[in-house]
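One-letter residues, chain by chain:
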Amino acid sequence: WNQLFKLKDEFTSTPILLLTATCSEFMANQLIINLKCPNLNIIHSKHIHRPELNLQVYSKPIKKDKLLEAIFKIINEITSRRIIIYCAMPNECVNIVTALKEQYNLDLITAYHGKMSSNEQKKALTD
């Protein structure tokens, strides 16, 4: 944990996602200090075992049409119907949400990113 700041120093423009099932609140606060990220979002759950969660990472196609095609294919194969797509940039998030709404015509699809107001973020999480 104490050396994670090296990742941030080495990869300055790369988003970092940290996942753990055992991080205490104290350690989470230490991460904020060690990573030198005062705006780090920490989501903490008391439920350690989450069998309903499945994390998959896919290579991102370079061309936008191929990216959307790959996303649509993955969505069509998922039966749980709950999906989070991580985008590195807020404008990419908005573009993908727009394409998803056009493809699937659902009001359940929403964006969530750091450039949204806190009210918009809260609405996205509760709708």
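Residues numbered from 1 in each chain as written. Predicted model: local features only at pLDDT ≥ 70, side-chain atom pairs only at ≥ 80, totals over all residues. Heavy atoms only, no water.

Convention followed: UniProt positions are given in the numbering used here, feature names are shortened, and annotations may be inferred rather than shown by experiment.
The protein is annotated in an unreviewed UniProt entry as DNA 3'-5' helicase from Racocetra fulgida. We quote the UniProt Catalytic activity (unreviewed entry) comment for the protein here in full: "Couples ATP hydrolysis with the unwinding of duplex DNA by translocating in the 3'-5' direction." UniProt's Sequence similarities (unreviewed entry) comment on the protein is quoted here verbatim: "Belongs to the helicase family. RecQ subfamily."

## Observations regarding a nonpolar patch on the surface
The cut-off we apply is this: Here, patches come from residues exposed beyond 30% relative accessible area and free of salt bridges, joined within 9 Å for like charges and within 5 Å for nonpolar side chains (Val, Leu, Ile, Met, Phe, Trp, Tyr). Values of accessible area rely on a 1.4 Å probe in the Shrake-Rupley scheme; residue burial ignores everything except the protein chains shown. Any carboxyl oxygen of Asp or Glu that lies within 4 Å of a side-chain nitrogen of Lys or Arg is treated as forming a salt bridge with it. Under the scheme used here, helices are H or I runs from DSSP no shorter than 4 residues and strands are E runs no shorter than 2 residues, and both carry numbers assigned from the N terminus.
Taken together, the side chains of Leu7, Phe11, Ile16 and Leu18 make up a nonpolar region of the molecular surface, amounting to roughly 320 Å² of accessible area. Its place among the elements puts Phe11 in the loop between helix H1 (5-10) and helix H2 (25-35).

## Side note on the state of the cysteines
What counts is decided by this rule: Disulfides are defined in this document as cysteine sulfur pairs within 2.5 Å. Note on classification: 1.4 Å probe, protein chains only; a residue is buried when its accessible area is under 20% of the maximum for its type, exposed when over 50%, partly exposed between these limits.
Applying the stated rule across the entire model yields 0 disulfides. Free of any disulfide, Cys87 has its nearest neighbouring cysteine sulfur in Cys93, separated by 4.9 Å. Note on Cys93: relative accessible area 9%, which makes it buried.

## Examining the packing of aromatic side chains
Here is the rule: Between the rings of Phe, Tyr and Trp (Trp by its six-membered ring), a pair exists once the centres lie within 6.5 Å; its type follows the angle of the planes, with under 30 degrees stacked, over 60 edge-to-face, and the other angles tilted.
One pass over the structure, following the stated rule, counts 1 aromatic pair. Taking 5.8 Å as the distance between ring centres and 80° as the angle between the ring planes, the aromatic pair formed by Phe72 and Tyr104 counts as edge-to-face. Placement of Phe72 in helix H3 (residues 64-77) and of Tyr104 in helix H4 (residues 90-104) is noted, with a sequence separation of 32 residues between them. Considered together, Phe72 and Tyr104 belong to a single accessibility category, that of buried residues.

## Quick word on the nonpolar core
What counts is decided by this rule: In this description, a nonpolar core means a group of buried Ala, Val, Leu, Ile, Met, Phe, Trp, Tyr and Cys residues linked to one another through side-chain atoms lying within 4.5 Å.
Grouped together as the largest cluster of nonpolar side chains are 14 residues, with contacts concentrated most on Ile71, Phe72, Ile96, Leu100 and Tyr104. For this core, the secondary structure elements donating two or more residues are H3 and H4. Broken down by element, this core gets its largest block of residues, 6 residues, from H4. Residues Leu4, Ala28, Leu35 and Cys37 belong to the second largest nonpolar core, which totals 6 residues.

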